[in-house]
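Summary of the model geometry
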Amino acid sequence: MYWVPGFASSRSLVIDLGRNQSLSFGLCGSDECHSFYGYIVAVPLQDLGGIMSGLVSDSWWRKTLYITGGALLAAAAYLLHELLSIRKEQELDSKDAIILHQFSRPKNGVPSLSPFCLKMETYLRMVDLPYQNYFDGSLSAQGKMPWIEYNYEQVCGTEFIFDFLEEKLGASLNKSLSAQEQAVARVITTMVEEHLYWTIAYCQWVDNVHETQSMLDLPGPLSDLLKWIMCNLTSGIVKREMYCHGIGCFTKEEVYTLMEKDMRTLATLLGDKKYIMGSKLSSVDATVFSHLAQAMWTLPGTRPEQLIKGELINLAMYCERIRRKFWPEWFVDLEDFCYDSDNDTTSGTPNCLLDLGLFSRTDTLEESELSSPSHADTHSQDTQHSGHSLSDSDIEVDVEMLNSDVEQEVKG
């Protein structure tokens, strides 16, 4: 009797190479993800003896065919092992500690390609709560990302996490908002996460999937192949879920039209204010920033980037303001702040914002807040399981030097 490897699963679309090993695919930041798991088993083949005995009498081309098929099977098994092999989860002690589970860092300097992961981590920095990143790729019990652990309790879904942190730790950014302002913030959050999100996801994972693929950071000798597989699978999932949502029934131009309307609405709501709801931060700022950051820093040359760095420059200044205040280790080249279009070369209006220190017509960044090392002390170092940590970055931003360089550039 001969045996061959096979795959066993308790449900459809489930793959794994052993216990505590899984592969997760996120929808460019969606709270919902898909995991593949199962077990490799041995399957007996009763009739294999006749086939093997026939090798002696078969012609040379059949022998070559059998050998080639065996080699391809071995190569496929190795590829499957490389694709699905992930480090075994380590035990975490979440007693009096916030453990943030999220996708690994991309290699373009942006904290996350997932707007929901970026939203959650930015919020933790806004409320100044210490936390520890965990890039293990494991999903919550509900199959979502990101999620947190605190005192051995698991919470998923960014809105539920906000409520949990307020209940357990008293952390909230909305205490100064009136009931009407909280209602407006809720409406803005719903528009961004349930409508604008899908248009950015389309641009990120469907229309510009090759650019997104180049930003992924996966280790191993087959990293390029794995990135290609992950991006194409995610692209198919995004298309299917957009269709189920309803926005996927429209053409490409119609999807981008909806995206532009949402971004123009946000620009109008922001106006000359420092933050969305006024002069003080609120939770809606974490939401809006995390989604606009994808358009500003992960989609080079696309229509969202052209819009946010061109006509809707107040949104770009808003994103840059929050990035400098809460992500000092996130390095951004000043030349990338504006969008240079060949069609605008004849225009008398400069494309770049000359004075990056003036983010809006209202007072913005406080120098004391920018130079304060409080975030470096309170935010825990990331636990690296896949991808590098921004907290371990060798690049540090000295705001005073940055401002002086800009002033010299303007005077010159």
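The structure displayed is predicted, hence computed values, not measured ones. Residue indices begin from 1 for each chain and proceed along its sequence in written order. Under the rules for a predicted model, residues below a pLDDT of 70 receive no local features and side-chain atom pairs below 80 are neither given nor counted, while totals for whole chains, interfaces and linings still include all residues. As a convention, hydrogens and water are excluded, and side-chain values are obtained from all of the structure's heavy atoms.

Section: the packing of helix H5 (residues 179-207) against helix H7 (residues 223-245)
Angular values range over 0 to 180 degrees, each being the angle between N-to-C directions of two axes fitted as lines to C-alpha atoms, with helices fitted over their stretch in contact. Secondary structure is summarised from DSSP: a helix means a run of H or I of at least four residues, a strand means a run of E of at least two, and numbering begins at the N terminus for each. One way to put it is that H5 packs onto H7 with a least axis distance of 10 Å and a crossing angle of 145°. Between H5 and H7 lies a crossing whose hand is left-handed. Every residue of H7 that contacts H5 at Glu194, Trp198, Ala201, Tyr202, Trp205 and Val206 is listed here: Cys231, Thr234, Ser235, Val238, Lys239, Glu241, Met242 and His245. Residue type decides the class: Asp, Glu, Lys and Arg count as charged, Ala, Val, Leu, Ile, Met, Phe, Trp, Tyr, Cys and Pro as nonpolar, and the leftover types, Gly among them, as polar. Tallied by class, residues from the contact of H5 with H7 come to eight nonpolar, three polar and three charged. A clockwise turn of the near helix away from the far one marks a right-handed crossing, whereas an anticlockwise turn of less than a right angle marks a left-handed crossing. Residues are treated as being in contact if the distance between any of their heavy atoms lies within 4.5 Å.

Concerning unusual backbone geometry
Across the junction of Met145 and Pro146, the peptide omega takes the value 5°, indicating a cis bond. Within the secondary structure, Pro146 sits in the loop between strand E6 (131-134) and strand E7 (147-150). Despite not being glycine, Tyr152 shows a phi value in the positive range, around 70°. The residue Tyr152 is located in the loop between E7 and strand E8 (153-156) in this model.

What to know about the pattern of salt bridges
We count a salt bridge whenever a side-chain nitrogen from Lys or Arg sits within 4 Å of a carboxyl oxygen from Asp or Glu. All told, the structure shown has 16 salt bridges when counted by the stated rule. The residue Arg323 makes a salt bridge to Glu320 at a minimum N-O spacing of 2.6 Å. Here Glu320 and Arg323 lie together in helix H11 (residues 313-326), a separation of three residues that amounts to about one turn. Side by side, Arg323 and Glu320 carry an identical accessibility label, which is buried. Remark: exposure states derive from per-residue accessible area (1.4 Å probe, protein chains only) relative to the maximum for the residue type, with buried under 20%, exposed over 50%, and partly exposed in between.

A closer look at the packing of aromatic side chains
Side-chain rings of Phe, Tyr and Trp (the six-membered ring for Trp) are treated as a pair once their centres are within 6.5 Å; stacked means planes under 30 degrees apart, edge-to-face means over 60, and tilted covers the remaining angles. Tallied over the full model, the rule gives eight aromatic pairs. Between Tyr202 and Tyr256, the ring centres sit 6.0 Å apart and the planes meet at 75°, which makes this aromatic pair edge-to-face. In this pair, Tyr202 is assigned in helix H5 and Tyr256 in helix H8 (residues 252-270), connecting sequence segments 54 residues apart. With relative accessibility at 16%, the residue Tyr202 sits in the buried group. Measuring from ring centre to ring centre gives 6.1 Å for Trp327 and Trp330, while their planes differ by 85°; the resulting arrangement is edge-to-face. With respect to burial, Trp327 and Trp330 carry one shared label: buried. Three or more aromatic residues joined by ring pairs form one cluster here, namely Phe289, Trp297, Trp327 and Trp330. Charges are assigned to positions over rings by a cutoff of 6 Å between ring centre and Lys NZ or Arg CZ, combined with an angular limit of 35 degrees from the ring normal. In this structure, Arg125 packs its charged tip against the face of Trp327, placed 3.8 Å from the ring centre.

Considering the sheet that holds E6
Hydrogen bonds between backbone groups are what pair the strands of a sheet, and the pairing can be parallel or antiparallel. Read across the sheet, four strands follow the order E6-E5-E7-E8 without closing on themselves; strand pairing throughout is mixed. This sheet does not close on itself; its edge strands, each paired only once, are E6 and E8. On average, each strand axis in the sheet is inclined to that of its neighbour by 25°, with strand direction left out of account. For two strands to count as paired, DSSP must find a minimum of two bridges between them. Direction of pairing for strand E5 (residues 98-101) relative to E7: antiparallel, over a ladder of three bridges. Its bridge partner being in E7, His101 is matched across the sheet by Trp147. Contacts from helix H4 (residues 158-169) reach E5, E7 and E8, with the element oriented near 140° to E8.

Points about the nonpolar core
Where a protein is soluble and globular, its nonpolar side chains tend to be buried together. Residues Leu165, Phe289 and Tyr318 are the most contacted members of the largest nonpolar core, which totals 76 residues. For this core, the element with the most residues is H5, which contributes 13 residues. In contact with Tyr318, other than residues within four places in its own chain, are Leu270, Lys274, Tyr275, Ile276, Asp285, Val288, Phe289 and Leu292. With six residues, the next largest nonpolar core counts Phe103, Cys117, Met145 and Cys156 among its residues. What makes a nonpolar core is a set of buried Ala, Val, Leu, Ile, Met, Phe, Trp, Tyr and Cys residues whose side-chain atoms join them at distances within 4.5 Å.

Regarding H8
Given a helix with a known number of residues, its expected span is that number minus one, times 1.5 Å. With 19 residues, H8 ought to run about 27 Å at 1.5 Å a step, and its terminal C-alpha atoms sit 27 Å apart, in line with that. Among all positions of H8, only Val255, Tyr256, Met259, Asp262, Met263, Leu266, Ala267 and Leu270 are buried. Down the axis of H8, the buried side of the element spans an arc of 140°, and every buried residue falls inside it. Facing away from the buried side of H8 by over 90 degrees, the exposed positions are Lys261 and Thr268. Of the surrounding elements, those touching the buried residues of H8 are H5, helix H9 (283-297), helix H10 (303-308) and H11. Within two residues after H8, Gly271 carries a phi angle of roughly 55°, on the positive side. Along the arc lie the directions from the helix axis toward the C-beta atoms.

Re the packing of H5 against H8
It is the contact of H5 with H8, at a shortest axis distance of 10 Å, that shows an interaxial angle of 135°. Considered as vectors, H5 and H8 are oriented oblique to each other. Here the hand of the crossing between H5 and H8 comes out left-handed. Across the interface between the two elements, Ile188, Met191, Val192, His195, Leu196, Thr199, Ile200, Tyr202, Cys203 and Asp207 from H5 touch Lys252, Val255, Tyr256, Leu258, Met259, Asp262, Met263, Thr265, Leu266 and Leu269 from H8. For the contact of H5 with H8, the class distribution of residues is 14 nonpolar, three polar and three charged. Working definition: roughly parallel below 35 degrees, roughly antiparallel above 145 degrees, roughly perpendicular at 65 to 115 degrees, and oblique for all remaining angles.

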